[in-house]
6 protein chains.
Amino acid sequence: MHELNRPFPWQDRPQGSTEIIWRYSQNPIIQRDLLPTSNSIFNSAVVPFGDGYAGVFRCDDRRRRMLLHAGFSADGLHWNIDHAPIRFQCDIPEIADFEQGYDPRVVWIDDRYYITWCNIYHGPTIGVAWTNDFKTFHQLENALLPYNRNGVLFPRKINGRFALLSRPSDRGHTPFGDIFYSESPDLCYWGKHRHVMSPLPDSWQSTKIGAGPAPIETPHGWLLIYHGVLTSCNGFVYSFGAALLDKDEPWKIKHRAAPYLMSPQTLYELVGDVPSVVFPCAALLDEPTGRLAIYYGCADTVTAVAFAYLDDLIAFAGQNP
Amino acid sequence: MHELNRPFPWQDRPQGSTEIIWRYSQNPIIQRDLLPTSNSIFNSAVVPFGDGYAGVFRCDDRRRRMLLHAGFSADGLHWNIDHAPIRFQCDIPEIADFEQGYDPRVVWIDDRYYITWCNIYHGPTIGVAWTNDFKTFHQLENALLPYNRNGVLFPRKINGRFALLSRPSDRGHTPFGDIFYSESPDLCYWGKHRHVMSPLPDSWQSTKIGAGPAPIETPHGWLLIYHGVLTSCNGFVYSFGAALLDKDEPWKIKHRAAPYLMSPQTLYELVGDVPSVVFPCAALLDEPTGRLAIYYGCADTVTAVAFAYLDDLIAFAGQNP
Amino acid sequence: MHELNRPFPWQDRPQGSTEIIWRYSQNPIIQRDLLPTSNSIFNSAVVPFGDGYAGVFRCDDRRRRMLLHAGFSADGLHWNIDHAPIRFQCDIPEIADFEQGYDPRVVWIDDRYYITWCNIYHGPTIGVAWTNDFKTFHQLENALLPYNRNGVLFPRKINGRFALLSRPSDRGHTPFGDIFYSESPDLCYWGKHRHVMSPLPDSWQSTKIGAGPAPIETPHGWLLIYHGVLTSCNGFVYSFGAALLDKDEPWKIKHRAAPYLMSPQTLYELVGDVPSVVFPCAALLDEPTGRLAIYYGCADTVTAVAFAYLDDLIAFAGQNP
Amino acid sequence: MHELNRPFPWQDRPQGSTEIIWRYSQNPIIQRDLLPTSNSIFNSAVVPFGDGYAGVFRCDDRRRRMLLHAGFSADGLHWNIDHAPIRFQCDIPEIADFEQGYDPRVVWIDDRYYITWCNIYHGPTIGVAWTNDFKTFHQLENALLPYNRNGVLFPRKINGRFALLSRPSDRGHTPFGDIFYSESPDLCYWGKHRHVMSPLPDSWQSTKIGAGPAPIETPHGWLLIYHGVLTSCNGFVYSFGAALLDKDEPWKIKHRAAPYLMSPQTLYELVGDVPSVVFPCAALLDEPTGRLAIYYGCADTVTAVAFAYLDDLIAFAGQNP
Amino acid sequence: MHELNRPFPWQDRPQGSTEIIWRYSQNPIIQRDLLPTSNSIFNSAVVPFGDGYAGVFRCDDRRRRMLLHAGFSADGLHWNIDHAPIRFQCDIPEIADFEQGYDPRVVWIDDRYYITWCNIYHGPTIGVAWTNDFKTFHQLENALLPYNRNGVLFPRKINGRFALLSRPSDRGHTPFGDIFYSESPDLCYWGKHRHVMSPLPDSWQSTKIGAGPAPIETPHGWLLIYHGVLTSCNGFVYSFGAALLDKDEPWKIKHRAAPYLMSPQTLYELVGDVPSVVFPCAALLDEPTGRLAIYYGCADTVTAVAFAYLDDLIAFAGQNP
Amino acid sequence: MHELNRPFPWQDRPQGSTEIIWRYSQNPIIQRDLLPTSNSIFNSAVVPFGDGYAGVFRCDDRRRRMLLHAGFSADGLHWNIDHAPIRFQCDIPEIADFEQGYDPRVVWIDDRYYITWCNIYHGPTIGVAWTNDFKTFHQLENALLPYNRNGVLFPRKINGRFALLSRPSDRGHTPFGDIFYSESPDLCYWGKHRHVMSPLPDSWQSTKIGAGPAPIETPHGWLLIYHGVLTSCNGFVYSFGAALLDKDEPWKIKHRAAPYLMSPQTLYELVGDVPSVVFPCAALLDEPTGRLAIYYGCADTVTAVAFAYLDDLIAFAGQNP
């Protein structure tokens, strides 16, 4: 998928900074009202596509319905988002009526792009669809039973089967949440469920955790960027951190950094429809240089991007016990 | 009540904007510390008065007691608010000791101004008083039993009786709330209670709703601007929307817009004593031009104004299923 | 209404007992399955009628719908209950579709029997109807807005107006509750709401209270038998006690007994669909002798009766500070 | 599996009774202290086995650990339960350490008995095992992700695949719960999840529902006996009812009875470790006569049996809208 | 304190029973209405006194105030309880007004009896008093700050200082609770607080625990009988168990039995004001024979006694890992 | 401790302002990322030290562990904070393993600096240590049992004993909280607990209150600056106010101002990890001039300073009933 002449969204680390990860100076890159009917655009997923980028965006409208829209960009920083939400093709009558969906992820496996998202079917569960052109989307069976959120596919089959991280939940603003692993021979039937990791008490990730972008394969295992939630006396605070999972048995954690990578600290992360949220859903990797652009939702309102080097993240995940 | 030489508070729609409603560029018009003892001034009601405007303002003091103050303005934008709170004249001993009150509305019916507010009498209920000069206020019987909030009178009798919208509540930060209609021959005894409308699931108005300014009579029915509340994982978000009620049986909804008219999006709406609140309590109509100035509280801290055209609001309410 | 030849339901105080109130030895008088479709029969109201007694009974069916049935008895102890629930005549379309109702009270005022009950109309509120034969029931406007329960009419007009006690509530198993007083010239419009009494901390009535049978007029004021609720670590406990209200201004308490009159202590009061409930809804008075038969629901499952002398209750209410 | 000389556990309907279902007069058939270390024995599953019966029993010990024991009976009424809990054979290291398990169901499919139960694996989920002798039990992969309970297999493959009902839950005393359907080609991977049915508001099944015994195939569809829970002000009340599911698409409800079949009404159902619970987990059918013996747990303490005729249950399910 | 001619309350283990602890066949020994004004008598403490026994009893009156009464018995089984509650002598004005108190313990140290109880002083805390005759009681400073319950003194000084177990709590029906140890040179100032033990997850003692009778000194350490609470979906269940504490550093646990000693299983333990409670507050030891009589409250309503041999309890505590 | 040549941190009251307390124009004086590993630095305590100032700072790291760091400043406004957290010397094995700590206070008594803080020992309680150089810190016994917070020592012995204010709490975000007084002869054993003051309903301090800086001795009694918390529908709001305590019996309130002194109103107080918090932990007094510098944490994120005159505060506390 990598093309040499595709511009990579990037800004160098600010002079004097020693941070592992730094924010784009022109954040947020997508404002809440980019669409005439949008209340907010955030928690969205982008991938390389053609000679630029494409993505699936969470666009809540002014009814506050949660909808998915396709979007395109030449440089990964300036985006055109379709005004009409995605209408999935689906020949399974029981699930064909898309109701609401949110927090999409996109990944290329074998020969097509797969989209997973939190799909409302008698409660939140993991919707699955594929596309080749970001115009027509083919919806498959929901991967799991409700109530589940943050379903994230690995970018290749593992041991010959599709592999999925998810976060079993309940019906509302779930106050708990572990990450689990499941696998499937065919994207229809799922099993061999394994526990991956739990929140850590007395930390930024003490209430619940959930996978972020699709895991990134490295020589040291799968790099997992994931969000974690702390419950303050004024509600949830969403930060994100990093871990390394075993390459062949990804439910086994090789390393997990204790500090967060990023917590909400700028005004656009601290103030919005849901204060104090940074929520990563996608990461672009420039393999030759190891540069990484991480896309994350801010305060459930806008979309921003931050930058890092893959090697730094691997070191961060591996060296913080 | 309309006088040609009374200046109307107004600012044209910003160039290029297609918004139905737009904020005053010098918002907030009333700061939290306008009074030497005020913690915040918001959720307040204004009406034409003399050759200018008068109003009843919710001024929480620095004990955080909720008090009502009278205020006056020549242009509807710059306000003088009495330093001393309103002391109601009341010859009913059981309710004569005003304790606390908040979220007033004011309306002219027949020959005087009526004020309704959330009155603390063994819990929140609907207080009623009248004035002719905004200096002396005569308190009547509470309209309803506790626990009730957001009592709003229609600006004329309907079928020969006073008509009231209210929002039955419980004792605290009520997590539910429908709008009901009641009527009275004499402002003392109330009955013929009718359900008007409920929150809508999965929307900006999913937790509770409450009437805002006094309904505005139009050829298409009563235009009701009302607030709605969504419960995020970090608390309540107050937006407002619009509906059209039947002229003679106002408990029947003719149209109800699905999107919100305004949600908290500016810093003064998102940040304050209660983050993420826009709460309308009054609307001035310039009948010849159809211009509308909507006064609303922001973040339970300050008072702002927004502008719109009545015809646009009617269309908005009627065309958004 | 009193007829000399109507048998009074009675059993003398057990020998050696010094209790003010004593249970009927053949309690419960109405079993849960008296009707072929009944799950439970309790919290019901009886009055003298013809040469015997009639009543309105709360009969929950096996769907656990709460329905009202009429019933008749020659001796006040053995009851025949209509198999079909009451179908109210009602010409007010908005409330004509009876949905569910519970905890009825019945009282004779002037020329007819009035029934009040907890009526489901967008939440619980106070339904009102009248009958002369316990066959045809005419439903009037709901007295109050939701959310309200335990509406109890006084057995005569006071100062020329109907008088009602009620207990404003919320939507569920309300964890608070004071008794209020309202009056009406016509049973349609209600006002002049007055607070009557609140729960007492650290007592059997610390969570909420509600009026029981229609108040009984005595030379010392209105005798009010009312239930009170305590929250134990295993849920609510419903007991009942007594107070004396001022004859002309019944929102003023003259005396209120600190101890309970009765708490759940027998197996049929402690065990059932809702453990630990005694809930009085009616009292028959034999005026010549001062004998009193109090009907109460047990554990939300069955109906029982207890006996006392009016003078003892007055003394109990008056002498327990 | 049916053998003519196997005695069927049965007692005729009591004379004069018109109940569809009636309790065994010597209930409970298994006392809480049948084992020297048992705190309680309930919510258990029995099947025909050899010339008698076998079962898997929930036996909570005096630490209040939830364990599964095998048991045997000649007549289905008197049971010997192994003193040692079942130790599952399992070659999947991640789940091989049985921690706790409860509420088993047993069903014969093709050539062996399958057991499903609520298995603790980082939360409750659906454990699966098989046996041929009730001595050696072979544990397979958990069917689903946590958090799930009340997994019940259909007694034959449907459309060539194993079929499972389950009730997605959360971590504690879940206050919600719908029944879902899933299918599997191999008992390892599960998918094609379908919603079956939800609680019904204002009824005995308003809080949550869950499948009971394995569905019984009838000419009218699958007869599903299921429990439903109502939340009173003193906690949960567990009753059970009946529905008929489509034979080929069992997620489609053909009929669902509105009344309950049985609610907790006897002392051993109303009083115990968890008051007010009847919880069916197994049903034996005597096909020639249509006699049915339903085994159910009582108050989370003891085990009882009730009797009915299959035709009556079908009629009950089909005729109560 | 031991006198040979004082009758010991005892009943032999029932024939055939292998239970470590067995209930008195005439339980409950104190009914709820032993006093004319008592609602319930339970959670009470007895000690040898003169040639019989004395005790301090929790007697809730019919207001449901929690009061302490002294009582006397010749045989430990039949009790006379003073009709008037204890009035403490106290020369500390801030705490001299006894408000309410409950769950007393009594212990002889050096030269007098000390009573500790849950004393209401701006919340529950540990009251302390002494007596020599159970007629005059001298109240000392509260041992600890609110919010605390279940304060139990060791029956001798340890390392020269008074020693106390307690259970820090919150204001209501505390859903957590560990046992802590504190010591004092003078019964006025307390410090050197040590954690002793916590609830155990997934057990009869998973929610909270609290010391029961005063610890009993044995060659194997201090035998601690303590209650533990499990939260079922229908509320709390109180059982009790046993542990052995180090003789010199009693905050160190030497052994702790995993099973409970007793859980609520009889009707008088399962049904009452608070269902499902056995709550031990005192134990009498007949040293020559090792016989033990354990007094415990039942369902927060009545008082019962159970019997065991000290050696059996030590073995039970020591042999159940 | 006062040295004439130590610069006092100060800024004159802004011209035209009549506020009793005013913020430093360069607030916050300590940013959240002053340390390379700090997430936030707030709720910290400073004292005169040498010819400048020293302090103990709450520095939460990026794991969100709560740690204490020493720091030094020449002018009280610019601070150097040690990169390594304080490691307490402690010879009490049970408490020697410092886990987490927060919200320190520092006070000079007799011959050394004493630090108190919220120390995690099986829950939050009051840790105590002393230092003479802010390099070596000697940890003593915890003053009180868990669960307690906001332990503040008086700056001298009272009646010959150490005196402590504290706020008994529960385990989480405690929704209640009164201030209590305790005393100790030796900083090891504590007793003579007295209630000082409670939250005030319907005010800025309606949920809980807690002592702030060490009380300041004045001719009019001890000036206590304390925080109070209001629960809005979007969480807690922390403000602070003032009271005067009796000099010899400091649990007796002489005056208590009804309004707050300061509430969160600037962006750095309203927005951060916990929105809407001003939390004072220290106050420096320039005795000759009566100037006061109050250090307070902002939004649980940064540290700020505000200025006032002691005489104004005394008047404020004394004249606002």
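Since the structure is predicted, the reported quantities are computational estimates derived from the model, not experimental observations.

(A) Molecular detail of the side chain of arginine 6 of chain E. All names here are of chain E. Here arginine 6 is to be found in the segment before β1 (22-23). Judged by relative accessible area, arginine 6 falls into the buried class, the value being 8%. Here the side chain of arginine 6 touches glycine 52 through a polar contact of 3.0 Å, landing on its backbone oxygen.

(B) Quick peek at the relation of the copies chain C and chain E. When chain C is fitted to chain E, the residual RMSD is 0.0 Å, and the transformation amounts to a turn of 120° plus an axial shift of 0.0 Å. Both copies of the chain, as the preceding transformation shows, are related through a three-fold rotation axis.

(C) Layout of the relation of the copies chain A and chain D. For the pair chain A and chain D, the relating rotation is 180°, the translation along its axis is 0.0 Å, and the fit reaches an RMSD of 0.0 Å. Here the two chains are linked by the operation of a two-fold rotation axis. A share of 100% of the interface residues of chain A reappears at the interface of chain D, consistent with the copies meeting face to face through the same patch.

(D) Spotlight on the packing of aromatic side chains. Residues and elements named next belong to chain C. Per the stated rule, a full pass over the model turns up 162 aromatic pairs over all chains. Ring centres of phenylalanine 236 and tyrosine 238 lie 6.3 Å apart, and the angle between their planes is 80°; on these two criteria the pair is classed as edge-to-face. By relative accessible area, which is 9% here, phenylalanine 236 ends up buried. With a centroid separation of 6.0 Å and an interplanar angle of 55°, the aromatic rings of tyrosine 238 and phenylalanine 279 are classed as tilted.

(E) Main features of empty space enclosed by the protein. By the definition in use, this model includes eight cavities of 30 Å³ or more. Estimated volume of the largest cavity: approximately 270 Å³. Looking at the largest cavity, it is lined by 33 residues, and the ones nearest its centre are Asn234 and Pro275 of chain C, Pro275 of chain D together with Asn234 and Pro275 of chain E. Counting residues per element, the ones that place at least two in the lining of the largest cavity are β17 (235-245) of chain C, β17 (235-245) of chain D together with β17 (235-245) of chain E. One number sums up the size of the second largest cavity: a volume of about 190 Å³.

(F) Inspection of helix α2 (residues 310-319) of chain E at higher detail. Residues and elements named next belong to chain E. Taken residue by residue, α2 has Leu310, Leu313, Ile314, Phe316 and Ala317 as its buried positions. The arc enclosing the buried residues of α2, seen along the axis, measures out at 160°, which places them on a common side. Facing away from the buried side of α2, by more than 90 degrees, are the exposed residues Asp311 and Gln319.

(G) Structural context of the interface of chain C and chain E. Taken together, the contact between chain C and chain E spans 21 residues of the former and 18 residues of the latter. Carbon and sulfur atoms supply 53% of the area buried between chain C and chain E, which totals about 1,700 Å² over both sides. It is Cys233, Asn234 and Tyr260 of chain C in chain C that bury the most area against chain E; as a group they hold 33% of the surface buried on that side. Here chain C is connected to chain E by one salt bridge. The salt bridge involving glutamate 19 of chain C is made with arginine 62 of chain E; its shortest N-O contact spans 3.2 Å.

(H) Representation of the state of the cysteines. Residue and element names in this part refer to chain A. For the coordinates displayed, the defined rule picks out zero disulfides over all chains. Left unpaired, cysteine 90 is separated from the closest cysteine sulfur, that of cysteine 188, by 12 Å. For cysteine 90, a relative accessible area of 22% gives the class partly exposed.

(I) Structural detail: a nonpolar patch on the surface. There is a patch of nonpolar side chains on the surface, built from Leu267 of chain A, Leu267 of chain B together with Leu267 of chain F and spanning about 230 Å² of accessible area. Turning to its location among the elements, leucine 267 of chain F is positioned in helix α1 (residues 267-270). On the basis of relative accessibility, which here comes to 37%, the residue leucine 267 of chain F falls in the partly exposed class.

(J) Layout of the interface of chain A and chain D. Chain A puts 36 residues into the contact, and the matching count from chain D is 36 residues. Summing both partners gives a buried area of about 2,900 Å² for chain A against chain D, and 60% of it is carried by carbon and sulfur. By the criterion of area lost to chain D, the three top residues of chain A are Leu145, Tyr189 and His193 of chain A, representing 25% of everything that side buries. With its nearest N and O atoms 2.8 Å apart, the salt bridge here joins glutamate 141 of chain D to arginine 194 of chain A. Only β11 (162-168), β12 (179-184) and β13 (189-197) of chain A provide two or more residues apiece to the side of chain A that touches chain D. The dominant element in the side of chain A that touches chain D, judged by the number of residues it contributes, is β13 of chain A, at seven residues. The residue makeup of the side of chain A that touches chain D, split by class, is 15 nonpolar, 11 polar and 10 charged.

(K) How the structure looks around the sheet that holds strand β11 (residues 162-168) of chain C. In spatial order, the strands read β10(B)-β11(B)-β12(B)-β13(B)-β13(C)-β12(C)-β11(C)-β10(C); together these eight strands make up an open sheet with antiparallel pairing. In the strand order of this sheet, the two ends are held by β10 (148-153) of chain B together with β10 (148-153) of chain C, each with one partner. Pairs of neighbouring strands in the sheet enclose a mean axial angle of 35°, with direction left out of account. The pairing of strand β12 (residues 179-184) of chain B with strand β13 (residues 189-197) of chain B spans four bridges and is antiparallel. Note that in β13 of chain B the partner of tyrosine 181 of chain B across the bridge is arginine 194 of chain B.

(L) Representation of the pairing of strand β3 (residues 52-61) of chain C within the structure. All names here are of chain C. For β3, the buried fraction is high: 10 of the 10 residues fall into the buried class. Taken together, the nine bridges between strand β2 (residues 38-49) and β3 define a ladder with antiparallel strand orientation. Pairing of isoleucine 41 across the sheet is with cysteine 59, part of β3. With antiparallel pairing between neighbouring strands as the criterion, β2 and β3 make up a hairpin whose turn holds two residues, including glycine 50 at a positive phi of roughly 55°. Two elements, β3 and strand β4 (residues 66-73), share eight bridges in a ladder whose sense is antiparallel. The residue bridging aspartate 60 from the neighbouring strand is methionine 66, located in β4.

Rules used throughout
- Residues numbered from 1 in each chain as written.
- Chains lettered and ligands numbered in written order.
- Predicted model: local features only at pLDDT ≥ 70, side-chain atom pairs only at ≥ 80, totals over all residues.
- Heavy atoms only, no water.
- Helix = DSSP H or I, 4+ residues; strand = E, 2+ residues; numbered from the N terminus.
- Buried < 20%, exposed > 50% of the residue type's maximum accessible area, 1.4 Å probe, protein only.
- Polar contact = N/O pair within 3.5 Å; in protein donor to acceptor, adjacent residues only side chain to side chain.
- Least-squares fit on C-alpha atoms with pLDDT ≥ 70 in both.
- Contact = heavy atoms within 4.5 Å.
- Phe/Tyr/Trp six-rings, centres within 6.5 Å; stacked < 30°, edge-to-face > 60°.
- 1 Å grid on protein atoms, 1.4 Å probe; cavity = no way out; pocket = protein on both sides within 12 Å on 5 of 7 lines; lining within 4 Å.
- Points joined across faces, edges and corners; volume = space filled by probe spheres on them.
- Arc of directions from axis to C-beta.
- Buried area = accessible area lost by both parts, 1.4 Å probe.
- Salt bridge = Lys/Arg side-chain N within 4 Å of Asp/Glu carboxyl O.
- Disulfide = S-S within 2.5 Å.
- Patch = residues over 30% accessible without salt bridge, like charges linked within 9 Å, V, L, I, M, F, W, Y side chains within 5 Å.
- Areas by Shrake-Rupley, 256 points an atom, 1.4 Å probe, with all protein chains shown as cover.
- Nonpolar A, V, L, I, M, F, W, Y, C, P; charged D, E, K, R; others polar.
- Pairing = 2+ DSSP bridges.
- Axes fitted to C-alpha atoms, helices over the stretch in contact; angles between N-to-C directions.

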